[in-house]
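A closer look at the structure
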Amino acid sequence: MFFSNIISSVLTRVVVSSMKQTHKHRYSTRTRQNYSDANRRPHSLRYAPKDVSEQESKVISTNRKDAKAIAVAKLKAGEVIAIPTDTVYGLTCSANNPEAIHRLYNIKGRHELKPVAICVASIEDVRQWGETDHLNDELLSELFPGAVTLVVRRSSKLNNPALNPGVANIGIRITENKFIQHVCEAFQQPIALTSANKSSSKSTLNVEEFKELWCELGAVFDGGQLGLSEEQRAASTVIDLSEPERYKIIRWGVSVEKIIKTVERHNFREAE
């Protein structure tokens, strides 16, 4: 009986000790696993928010006091930026910077033989960068600023070989959007302008619609929602007035009927 109690007591201690060791091992394993998970999860999270944060920091409200200065600095540095127009959002860069033009085409995924327009601040600029002696001031004042891209012969001053190589004409815009007007005035050079979307994709009315491009842009200037109707996505009407008294609609866009009436009132007739 005495020895039985001793043996029972010893066995009980062995079992309890074994259970403690097992529990300790499981606790240690769980602790190591938790510690590993805790270090692994922040590792993945550290970078995702950072990337998102870097992209978000590129978005600048056009209402910011320094927005125009930032845009001009980016253009002078040869960067491509996104900017609102009076129709859709656009991608733009310095029209006289070959590297910037190549970058613009790469971001958009656009074939380099497909021409882009330029945007300027005033009718005087239109005359400087395009040959417009056959277009009177009254006609130009009725067309600009507005949702029209005027195609004329390009001036010899627009001599960037990377801008529409082999194309004698150039499309010129003066938009009604005040922000891009002020940027053009301050930059004092023409800017290349195309819609802010991948080539063959629909044009965009707010900055979220081309978010996949943000990482490739120097800045994204947010002018808010530009319109709610699908008709707004038609972008500007492109009209060729390179020949005296003849016009040709290259792209039917916003306000096309009004533009046709305007040029016909100035004795232009549709080219055959």
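What counts, and at which threshold
Residues numbered from 1 in each chain as written. Predicted model: local features only at pLDDT ≥ 70, side-chain atom pairs only at ≥ 80, totals over all residues. Heavy atoms only, no water. Helix = DSSP H or I, 4+ residues; strand = E, 2+ residues; numbered from the N terminus. Buried < 20%, exposed > 50% of the residue type's maximum accessible area, 1.4 Å probe, protein only. Contact = heavy atoms within 4.5 Å. Pairing = 2+ DSSP bridges. Core = buried A, V, L, I, M, F, W, Y, C linked by side-chain atoms within 4.5 Å.

As recorded in an unreviewed UniProt entry, the protein chain goes by the name Threonylcarbamoyl-AMP synthase, listed as coming from Anopheles merus.

Side note on the environment of alanine 234
Mapped onto the fold, alanine 234 is located in the loop between strand S9 (219–222) and strand S10 (237–240). We classify alanine 234 as partly exposed; its relative accessible area is 33%. Distance in space between the C-alpha atoms of alanine 234 and valine 88 is 8.4 Å, their sequence separation being 146 residues. For alanine 234, the residues in contact, after removing those within four places along its chain, are Arg251, Trp252, Gly253 and Val254.

Regarding the pairing of strand S6 (residues 148–154)
Counting buried positions along S6 yields six of seven residues, so the element is predominantly enclosed. Here strand S5 (residues 130–131) pairs with S6 via two bridges, running antiparallel. Each residue of the ladder has a partner; that of glutamate 131, found in S6, is arginine 153. Direction of pairing for S6 relative to strand S7 (residues 169–173): antiparallel, over a ladder of four bridges. Bridging from a neighbouring strand, valine 152 pairs with isoleucine 170 of S7.

Overview of the nonpolar core
Across soluble globular proteins, nonpolar side chains have a tendency to be buried as a group. By size, the foremost hydrophobic cluster in this structure holds 49 residues, and its most contacted members are Leu91, Ile118, Leu150, Phe210, Leu217, Ile239 and Leu241. Listing elements by their share of this core, those giving two or more residues are strand S3 (89–94), helix H3 (98–108), helix H4 (123–129), helix H5 (137–143), S6, S7, strand S11 (246–251) and helix H7 (256–265). Sorting elements by how many residues they give to this core places H3 first, with five residues. Within the second largest apolar cluster, 18 residues are counted, among which are Cys119, Phe187, Leu193 and Phe221.

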